[in-house]
Each structure stands twice: as C-alpha cells, then as structure tokens.
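# Chains, contacts and geometry: an overview
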Amino acid sequence: MAAILIMLVLIVSTTIAQAQERHFSTVRSSLKQAIEDSGPKPVVSKQFKRWEWFWERRVGTDGTLPPVQSYISAAQYHERAVKAEQTQTLAVWKELGPTAPDRMDGPLNWEGIGRVNCIAFSRQDSRLLWLGSASGGLWKSTNAATSWTEVRVPGLSVFGVSDIAVHPTNDRIIYVATGDANGASSTDVFGYPAFSYGVIKSVDRGVTWTRTGLQFALSSTATVARLWVNPQDPNVVVAATSTGIARSTDGGVTWSVRTQPINAKDLVQHPTNPNVLYASTFNFSGGALFMRSEDQGVTWQSVQGIPGACRIRLAVTPAAPDRVYAVASAVAPYALENVYISNDLGRSFQAQRRSQNLLGWSITGNDFDRGGQGWYDLAMAVSPTDPSLVFVGGVNIWVSFDNASTWRLASEQNGNAGLPRVHADQHFFAFQPVTNRLFSCHDGGLSFSDDEGLSWNDASAGLKIQQYYAMDML
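Rules of the game
Residues numbered from 1 in each chain as written. Predicted model: local features only at pLDDT ≥ 70, side-chain atom pairs only at ≥ 80, totals over all residues. Heavy atoms only, no water. Salt bridge = Lys/Arg side-chain N within 4 Å of Asp/Glu carboxyl O. Helix = DSSP H or I, 4+ residues; strand = E, 2+ residues; numbered from the N terminus. Buried < 20%, exposed > 50% of the residue type's maximum accessible area, 1.4 Å probe, protein only. Pairing = 2+ DSSP bridges. Axes fitted to C-alpha atoms, helices over the stretch in contact; angles between N-to-C directions. pLDDT = per-residue confidence, 0-100. Contact = heavy atoms within 4.5 Å. Phe/Tyr/Trp six-rings, centres within 6.5 Å; stacked < 30°, edge-to-face > 60°. Lys NZ or Arg CZ within 6 Å of the ring centre and 35° of its normal.

Counted under the stated rule, the structure contains 13 salt bridges. Between E294 and R347 there is a salt bridge, with its nearest N and O atoms 3.3 Å apart. Taken together, the residues E294 in the loop between β15 (288-293) and β16 (301-306) and R347 in the loop between β19 (336-342) and β20 (350-351) connect sequence positions 53 residues apart. Relative accessible area serves as the criterion here: at 44%, E294 is assigned to the partly exposed category. Taken together, the shared-partner salt bridges connect D163, R226, D266 and R313 into one network.

Written out as structure tokens, the structure is:
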C-alpha cells in the first residue's frame, strides 16, 4: 500500500517545522502546489490525497494542526497503560489483520501491506538480514528472508527506518537511521512528517541499542536518508541528512556537518576505495547535485547539477569500480529526467539516451506527460558481476542488459503483459553479498530475484508493518 502517512499513533503533526501554529488550509495549499500543480499540467497525487484525507479530520477547532506535545503525551500515556496492564493481568493480544489478499496470479502468497524502505546484510552470515520499514520499525531475519521478526528498541515504541549500515567486517556493529526520508520532504515542502529520532546504534547484533549524538526532537522535520560506516574503522560514520552531510569519528558520540545546508538524499562508497564517497541531493524545485569526497567525507565537492532534476539515486559495482551510475527524477510531474554514467570516479557524468519513462506506469514507457513519482519512489542497482546489467525502479522495475542503452520492463505492478508481478513503488534495490540475490524494497514489502529479474518472489512473511490511516468502530 503506497501510504505516505507514517502510522496510526501519529495523531499529531510535525508538518510545520518551527511554525506549528499555521493553518491546515495553508499547508494543504503549499503541498498541492508543489505535488500536483507545479508541472506543465495538473496531476492527481495519491500521496497528497491520503495526506489530505488523514489530517483534515484531525485539525483543531481553529483549523490548526495539533502540536507535537500531543503525540508525545499520548505515546507516554500508552506506555504507562501497557506497563500497568502487564502488572495487573496476563493480557493476550491477537492480530486481527487485515492481511494482504492472495496474489492474483495464482498461488497463495503473503504480501506485506506496508512500505519497506531499506535492507542490509551481514557479510559474516548470509542468513542474517536487516530490514527497515516506513513506520513499522526495524526487522531481522535469521533464515535468509524466509521470515522476519521485529527488533524492539526500548524508548522508541513506533518508528520508521530510512537506512541501515552494518559494518562489513563486524556485523555486531549496526547503525540505523530512524524516520521516513522517502515520505518526508522537510526542507523543500512542509507536510510529510518524518518523526525521526536520529541515528541509533547497536554493538551486539541488535540485542541492545543506544541513541547516538545525532538526535532529532520529534518536533523537528529533519531526516537521515543514508548512512555509511568505514569498513576500516567502525567509529567513522557519515550520514546524509536533510540539513547536510554529517560525520562522526567516535562511533556516533559526536558529529560535525561537513557541507553547506543541503538536503542530502543518497550516499554510496567507491566499491574498493573507502576514501572515495559519492552523494546526491534533493530539491523539489530542481537543481539536484552530484557530490563527491576523496577523504572519507571530511570535505565535499559539488561536481555537477541537473537543473531539471529534483532527486538523484546512485549506484556502483565492483565489476567496474571507477564507474558511477545515476538515475534522476525530473521536477513535476516527476517523470524520468535521465540516466547518467560517470567513468572517472564521479568527476563528470554523461546523460544516456532518454527514450522511455522508467518512472511511470506505462508498460511501454511512453507516459512522460503523465509523469511518475520520482520524488518519492526511486531505486537503482547494478550487478556486482556484470556492469552492463542495470536495474531502475520507479512505479515498476526496469532492466538494461547493455549498460543503460536500452531498457525493458522486468516487472509490472499488476502482472500485466505477462510480466512478473511486483508491488508498485520501488524505493531501494540491493544485491546481497555472496549470493548476488537482488532485493527490491517497495510499498508492499520485500521481493527478490535470483535470475537477473526474470522472475520475482515475495519475501514479506512475518512482517507486520501495515500503515493505517483510518479506523472505525462497529
């Protein structure tokens, strides 16, 4: 379910950073202008409509959005009530659902009805995987994604996860970016709350957790979109945040911002040289940037801007270590701006042939006028063994076998045209080390392919990450 709203218990809004007294109608007008009316012709955004439907029923009597303290008080009351109940009775709770319907293409299959933002892997144990949901917290699989169990974090009753960084040589060390950076656009348009606590850390494979020095109040709309941990030193961590790129050298205790104020949206490392990092930015108005660092994120250079792009997703591969791939979403109506390739360690990027809208709904890619959702769903990955095999995700999944020269549809959200069915709205692709299995994180959970995208399987069993935005009593 392509829900942009964070969770049922978010009964208050942090939509207006440092201006909580603004009227709902003002916020709605700003969002509508940015999401639906800023392109060459108006579009209808289901993300905006869901946001509008949710909040117009929860505004105060004077039309203003509820203060953040209301949420904090409600959450604290809930925690106290749960503790009191546990001491008084052995309450038994049973999940009533709803569960996703059976797949339309035949066999029964459990598909999660909640968004997955990211996935991460242990390099010491191929069966150990970590998953981050938009509002259902952090999850762990010890059987290669056959099933999932929730990872409880004391003090964070309900939260989203934007990224997970597991140290490559010591999988006991894990950094997690809380909040929902895919559904939040805090520095460009008010309206989509991220509810990020900042970055949390575990040094015992997720048994216990601590908050790092990079912390946000729930009243802030700041987000952390991506994380990188130095493979040679787990104390060196870099975070792509909505206020700039931050860096820590003491395991997250303290952080310093290493760039000017930017909305950093992606962050990847050169496949074999941890000194070289690549980043990209987000801006609804356009001008998204390519950035690079040659000193592990201490200093950054803006390499190239794309005037017509609002967001850029990056990808690298050990099969061509000096090459950087990128897919850019255009400004409204958020169709494909282009695919780019750099062959000089990210110093310059060349646009590829733009013949199909890889971010839209059409099975032929001929819907540039209709646009897409590239500000919200944008994914890219390159095979770790074949640099010519490239995947791009928007609404559906596309694949190129010739280094991004030509493209074909690898999956379709409803299984049309005889294609494999994968739930709509792709947010993150990742190849698992050792197995080379390709995972797709999307609005319906998690899917994977073992045959270069020819077939896909659901891997959402056990996830309970539904995103409710309405409830009624019978």
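Let us keep going from here.
Here the focus is unusual backbone geometry. For the bond from A332 to P333, the omega torsion is 15 degrees, close enough to zero to count as cis. Among the structural elements, P333 can be located in the loop between β18 (324-330) and β19. Positive phi values are uncommon outside glycine, yet Y334 reaches one of about 70 degrees. Here Y334 shows up in the loop between β18 and β19.

Across the five residues that make up strand β14 (residues 277-281), a large majority, five, are buried. The alternating pattern of β14 places L277, A279 and T281 and Y278 and S280 on opposite faces, both of which are buried. Across five bridges, the pairing between strand β13 (residues 264-269) and β14 is antiparallel. Paired with L267 across the bridge in β14 is A279. Inspection of the sheet shows β14 paired to β15 by four bridges, in the antiparallel sense. Following the sheet pairing, A279 is matched in β15 by M291. Linking β14 to β15, which pair antiparallel, is a turn of six residues; within it G286 sits at a positive phi near 105 degrees.

Next up on the list: the sheet that holds strand β1 (residues 116-121). Note on sheets: strands pair through backbone hydrogen bonds, and any given pair is parallel or antiparallel. Here four strands make up an open sheet; going across it, the order is β1-β2-β3-β4 and the pairing antiparallel. Each of the sheet's edge strands pairs with one partner strand only, and the pair in question is β1 and β4 (149-151). Adjacent strand axes in the sheet meet at a mean angle of 30 degrees, parallel and antiparallel pairs treated alike. When strand β2 (residues 129-133) meets strand β3 (residues 138-141), the two strands line up antiparallel, connected through four bridges. Counterpart to G132 in the pairing with β3 is L138.

This brings us to the confidence of the model for the protein. Summarising the model, the protein shows a mean pLDDT of 86, and 82% of its residues fall at 70 or more. For residues 104-108, every residue scores under 50 in pLDDT, and the model assigns this stretch four contacts once sequence neighbours within four places are set aside. Scored below 50 in pLDDT, residues 186-191 shows 24 contacts in the model against residues more than four places distant or in partner chains.

Moving on: the packing of aromatic side chains. Applying the stated rule across the entire model yields 10 aromatic pairs. With 5.7 Å between their ring centres and 40 degrees between their planes, F121 and F439 make a pair best called tilted. In this pair, F121 sits in strand β1 while F439 sits in strand β26 (residues 438-442), placing the two residues 318 residues apart along the sequence. Look at F121 and you get buried, because its relative accessible area is 12%. Over the face of the ring belonging to F282 we find K265, whose NZ or CZ atom lies 4.9 Å from the ring centre. In this structure, R370 is placed above the aromatic ring of W361, and the distance from its NZ or CZ to the ring centre is 4.0 Å.

Here the focus is the sheet that holds β20. The strand order β17-β18-β19-β20 describes an open sheet built from four strands, whose pairing is antiparallel. On the outer flanks of this sheet lie β17 (309-315) and β20, each paired with one strand and no other. Here β19 runs beside β20; their pairing, made up of two bridges, is antiparallel. Bridge pairing in β20 links I341 to Q350.

It is worth spelling out the environment of V268 at this point. You can see V268 is positioned in strand β13. Owing to a relative accessible area of 12%, V268 belongs among the buried residues under this scheme. Spatially, the C-alpha atoms of V268 and V316 are 7.6 Å apart, while their sequence positions differ by 48 residues. Those residues in contact with V268, other than ones at most four positions away along the chain, are R226, L277, Y278, L314 and V316.

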